[in-house]
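Structural overview for review
As a plain string of letters, each chain reads:
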Amino acid sequence: MLSKIVFGCLFLSTIAYGQDFQEDQTALDVGIGVFRSADKGLSETKMLSIGKQETLLGPLKSRYSAGFWLDNTRDGRKSSGFVGAQLGFEVANNGWVGGLFSGPTVISTPDVLLGGRFQFMDTINYGLQDKSGNYIGLFYRHFSSAGLEMPNTGRDILGIEIRF
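Overview of the structure.

This brings us to the sheet that holds strand β3 (residues 60-71). Taken in spatial order, the eight strands line up as β1-β2-β3-β4-β5-β6-β7-β8 and close into a barrel, and their pairing is antiparallel. Recorded for the sheet is a direction-independent mean angle of 25° between the axes of neighbouring strands. Direction of pairing for strand β2 (residues 45-57) relative to β3: antiparallel, over a ladder of twelve bridges. When the bridges of β3 are listed, Ser49 appears paired with Gly67.

Here you go:
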């Protein structure tokens, strides 16, 4: 029963929003770190990633990303590379696009914020897309192990995403 409801929602959303979606896009993300502590500045972490976004069914999308962040605080936090895959939904209306994605990610260097190599990457994005499929928007990205590895403080990034 639940699978029929999920399929029905996906089918209806495909009909409602299908005309606003591009098939595949290459994404370039540039971001800066955001921390929960007042003594940490925004410029201490910088992130760059490149990826591919594909349409699976209407608003259902998959994303594949590879990138790195540079962290210059030297208080147990380290720079790291990452590779991840995400599944999520992205809806468009009159050029405005919003999305929510989550999926497994592997990082190269655990540190005091991310205790293990296996992490999850969650992304929220919001931006504008022209009729040619070019997109520019903002994103919030969170890396954490969901409690599978300790420490699990997480790493948060705000940034700009460009897709074409």
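Overall, the coordinates contain eight salt bridges when judged by the stated rule. Two residues, Arg63 and Glu161, come together in a salt bridge whose shortest N-O distance is 3.4 Å. Placement of the pair is Arg63 in strand β3 and Glu161 in strand β8 (residues 155-163), with a sequence separation of 98 residues. The two residues Arg63 and Glu161 agree in class, both being buried.

Here the structure, examined in full by the defined rule, presents five aromatic pairs. Both rings, one in Phe82 and one in Phe143, keep their centres 5.1 Å apart while their planes meet at 65°; by these two values the pair is edge-to-face. Placement of Phe82 in strand β4 (residues 80-93) and of Phe143 in strand β7 (residues 135-144) is noted, with a sequence separation of 61 residues between them. With a relative accessible area of 3%, Phe82 lands in the buried category. The exposure class assigned to Phe143 is buried, which follows from its relative accessible area of 0%. Between Phe118 and Phe120, the aromatic rings sit 5.2 Å apart at their centres with planes inclined by 80°, giving edge-to-face as the arrangement. Three or more aromatic residues link up through ring pairs in this structure, and these residues are Trp69, Phe82 and Phe143. When the ring centre of Phe139 is taken as origin, the NZ or CZ atom of Arg141, which lies over that ring, is 4.5 Å away. The ring of Tyr135 has Arg163 lying over it, and the distance from NZ or CZ to the ring centre is 3.9 Å.

A few words on the pairing of strand β5 (residues 96-107). By the bridge criterion, ten bridges tie β4 to β5 in an arrangement that is antiparallel. When the bridges of β5 are listed, Phe82 appears paired with Ile107. As judged from the eleven bridges shared by β5 and strand β6 (residues 118-129), these two strands associate in the antiparallel manner. Residue Val106 lies in a different strand from β6, and its bridge partner there is Phe118.

What counts, and at which threshold
- The residue numbers shown here count from 1 along each chain, following its written sequence.
- Owing to the predicted nature of the model, reporting of local features is limited to residues with pLDDT of at least 70; listing and counting of side-chain atom pairs is limited to 80 or more, with chain, interface and lining totals taken over all residues.
- Only hydrogens and water are set aside when side-chain values are computed; all heavy atoms of the structure are taken into account.
- One requirement defines pairing of two strands: DSSP has to find at least two bridges between them.
- Comment: elements are numbered from the N terminus, with helices defined as DSSP H or I runs of at least four residues and strands as E runs of at least two.
- Interaxial angles span 0 to 180 degrees and are taken between N-to-C directions of axes, which are lines fitted to C-alpha atoms, for helices over the stretch in contact.
- The term salt bridge refers to a pairing of a side-chain nitrogen on Lys or Arg with a carboxyl oxygen on Asp or Glu at a separation within 4 Å.
- Remark: exposure states derive from per-residue accessible area (1.4 Å probe, protein chains only) relative to the maximum for the residue type, with buried under 20%, exposed over 50%, and partly exposed in between.
- What counts as a ring pair is set by centres within 6.5 Å for rings of Phe, Tyr and Trp (its six-membered ring), and what kind of pair is set by the plane angle: stacked under 30 degrees, edge-to-face over 60, tilted for all other angles.
- To sit over a ring, a charge needs its Lys NZ or Arg CZ within 6 Å of the ring centre and within 35 degrees of the ring normal.

Function cannot be inferred from these measures alone, as they are strictly geometric.
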